[in-house]
Amino acid sequence: MNLAAVSRHHAGVMGTECSFVVEMDPGGDAEAAVAAAVAEMRRLEAIFTTFDRNSPLSRLRRGDLTLAAAGAEIAEVLGLCEEMSLLTGGFFDASALEGGIDPTGLSKGWIVAKASGLLTEAGATAALVNCGGDIVTVGSPAAGEWRVGIRHPWRNDALACVVTLVPRTVIATSARYERGEHLVDPFTGRPPANPVASASVTGPCLARADAFATALAVAGPTLITKVLDCGYESYVIAATGEESASPGFPFAETG
Amino acid sequence: MNLSPRALLAGGASVGLAGMLVAHALTAPVPTQAADSRRGAAGATTTVPPDKGGNGTTTTTSPTTTAHEATGTLEQYGYGEIAVTVRSSGGRITAVSVSKLETAESYSAQLAQSAIPVLRTEVLDAQSANVSAVSGATYTSNAYAASVQSALDKLKTP
């Protein structure tokens, strides 16, 4: 019988609320574990933020810094951007907007996942980290799996569905519209023709799930097959209310 | 982390979407059993077809109950506009429907109207669904809520 203590924590990171559910053996210091993860998120955020014109990414974007000098983190994230552009047939495109390369479509997920590894290093037996809807899980939860809701696209207090996440899986939901940022179809340079209200992706890696969710929000449910071929399950709600999902998307059983 | 491709589509191979996708309307007038069980719906589904009536329509549904309806203001959101119609009976909200949803690249209003999501009594409540976290954010939340509030305000004023 697992006697792990469960605690919840919150922190403001990357302009959004980040919540932590931490399972830890009695005697462990969950607060310290969360503090370490949050500190790492802030360190990584400082590299990628485009709100600070002197961040390494900002300097790279305007040509004041070469890629070779930009550091391992930027190199890894931009490499992922290239990979995801190929895997999504161009629907995820970090170069779609003016101003230079913009990895925002996956950098948040990448940062959250990297930092969450510190939780198990600090002794957590399991944890779920939810940063503005991007969710990563680490360790092995006492219940064997996590139940996660997907927010209803039209109701603040309702869920569209519940999913189960087995250990070390993630879920990313496209939510860029909430902050008023525009999704751009890289093939037309304009907002998508058939808007998607919500696109959720589950799988092993949060950065990739993030990028797939972004691509689905632009391309619509016809991209689900391609995403499935990469080992990621999807669930898309169109602006009309119509739902589509890959067959293995982990909808929870009733009850 | 490494990807584990579950299948590789050979060049030129086509996969019928019908076999790969489960398509279901979030608010189909006749929800399927599978859809209800998938979303953990408790109890029967009640759907109210979108009412094409204008503002402040009053219809009598029974000798003692009168239904009222009002449409809220047209609110702007990221991709277009939304207006919400609220129907009430006996002082309680019985249905909320999106009466106008225009997008930048729009559909015809009629196409949007045909699949308007309708508030149902068994919409999953985030509080009672026993989840550890919630993924995602509302699409038109502010505009939707503002239009609903406007409709409610209209219903309150005789």
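Residues numbered from 1 in each chain as written. Chains lettered and ligands numbered in written order. Predicted model: local features only at pLDDT ≥ 70, side-chain atom pairs only at ≥ 80, totals over all residues. Heavy atoms only, no water.

**So, the pattern of salt bridges**
Residues and elements named next belong to chain A. Applying the stated criterion across every chain, the model contains six salt bridges over all chains. The residue E76 makes a salt bridge to K114 at a minimum N-O spacing of 3.6 Å. Residue E76 is found in helix 3 (residues 72-87), and its partner K114 is found in helix 4 (residues 104-121); the two are separated by 38 residues along the sequence. E83 is the salt-bridge partner of R208, the closest N and O atoms lying 2.8 Å from each other. In this pair, R208 sits in helix 5 (residues 206-219) while E83 sits in helix 3, placing the two residues 125 residues apart along the sequence. The network of salt bridges with shared partners includes E40, R43 and E73. (Salt bridge = Lys/Arg side-chain N within 4 Å of Asp/Glu carboxyl O. Helix = DSSP H or I, 4+ residues; strand = E, 2+ residues; numbered from the N terminus.)

**Observations concerning the packing of aromatic side chains**
Residue and element names in this part refer to chain A. This model, assessed by the stated rule, comprises six aromatic pairs over all chains. Centroid distance Y235 to F249: 5.5 Å. Interplanar angle 35°. Geometry classified as tilted. With Y235 in strand 9 (residues 233-238) and F249 in the segment after strand 10 (242-245), this residue pair connects regions lying 14 residues apart in the sequence. One exposure class covers both Y235 and F249, and it is buried. (Phe/Tyr/Trp six-rings, centres within 6.5 Å; stacked < 30°, edge-to-face > 60°. Buried < 20%, exposed > 50% of the residue type's maximum accessible area, 1.4 Å probe, protein only.)

**Remarks on the environment of V162 of chain A**
Among the structural elements, V162 of chain A can be located in strand 6 (residues 158-165). Separated by 91 residues in the primary sequence, V162 of chain A and E253 of chain A have C-alpha atoms spaced 8.4 Å apart.

**Remarks on the environment of G90 of chain A**
By the element assignment, G90 of chain A lies in the loop between helix 3 and helix 4. In this view, G90 of chain A contacts S85, P186 and F187 of chain A; residues no more than four positions away in its chain are not counted. (Contact = heavy atoms within 4.5 Å.)

**Quick look at the packing of helix 3 of chain A against helix 5 of chain A**
All names here are of chain A. Contact geometry of helix 3 with helix 5 gives a least axis separation of 10 Å together with a crossing angle of 45°. What the angle tells us is that helix 3 and helix 5 run oblique. In this structure, helix 3 meets helix 5 at a crossing whose hand is right-handed. Contacts between helix 3 and helix 5 involve L80, E83, M84 and L87 on the former and, on the latter, A207, R208, A211 and F212. Here the contact of helix 3 with helix 5 is composed, by residue class, of six nonpolar, no polar and two charged. (Axes fitted to C-alpha atoms, helices over the stretch in contact; angles between N-to-C directions. Parallel < 35°, antiparallel > 145°, perpendicular 65-115°, else oblique. Left-handed = near helix turned anticlockwise from the far one by under 90°. Nonpolar A, V, L, I, M, F, W, Y, C, P; charged D, E, K, R; others polar.)

**Considerations on the environment of A113 of chain A**
All names here are of chain A. With respect to the helices, strands and loops of the structure, A113 is situated in helix 4. As a C-alpha pair, A113 and V129 span 16 residues in sequence and 8.5 Å in three-dimensional space. When neighbours within four sequence positions are excluded, A113 is seen to be in contact with V136 and L206.

**Re the nonpolar core**
Residues and elements named next belong to chain A. Ranked by internal contacts, the top residues of the largest apolar core, which has 60 residues, are F20, M41, L106 and L119. With nine residues, the top contributor of residues to this core is helix 1 (residues 30-48). In contact with L119, other than residues within four places in its own chain, are F20, A33, V34, A37, A124, A127 and V129. Listed in part, the 18 residues of the second largest apolar core include V163, I171, Y235 and A245. (Core = buried A, V, L, I, M, F, W, Y, C linked by side-chain atoms within 4.5 Å.)

**Considerations on the pairing of strand 6 of chain A**
All names here are of chain A. For strand 6, a buried count of eight out of eight residues is recorded, marking the element as mostly surrounded by other parts of the structure. In terms of strand pairing, strand 5 (residues 146-151) meets strand 6 through six bridges, oriented antiparallel. Counted as the bridge partner of R147 is T164 from strand 6. (Pairing = 2+ DSSP bridges.)

**Section: the packing of helix 4 of chain A against helix 5 of chain A**
For any two helices packed against each other, the geometry comes down to the angle between their axes and how far apart the axes lie. All names here are of chain A. With their axes 7 Å apart at the nearest point, helix 4 and helix 5 run at an angle of 155° to one another. Between helix 4 and helix 5, the angle is such that the two are roughly antiparallel. Considering only the axes of helix 4 and helix 5, their crossing is right-handed. In contact with G105, L106, K108, G109, W110, V112 and A113 of helix 4, helix 5 contributes L206, A207, D210, A211 and T214. When the residues that make up the contact of helix 4 with helix 5 are grouped by side-chain class, the tally is seven nonpolar, three polar and two charged.

As far as function goes, none of this settles anything; it's purely spatial.
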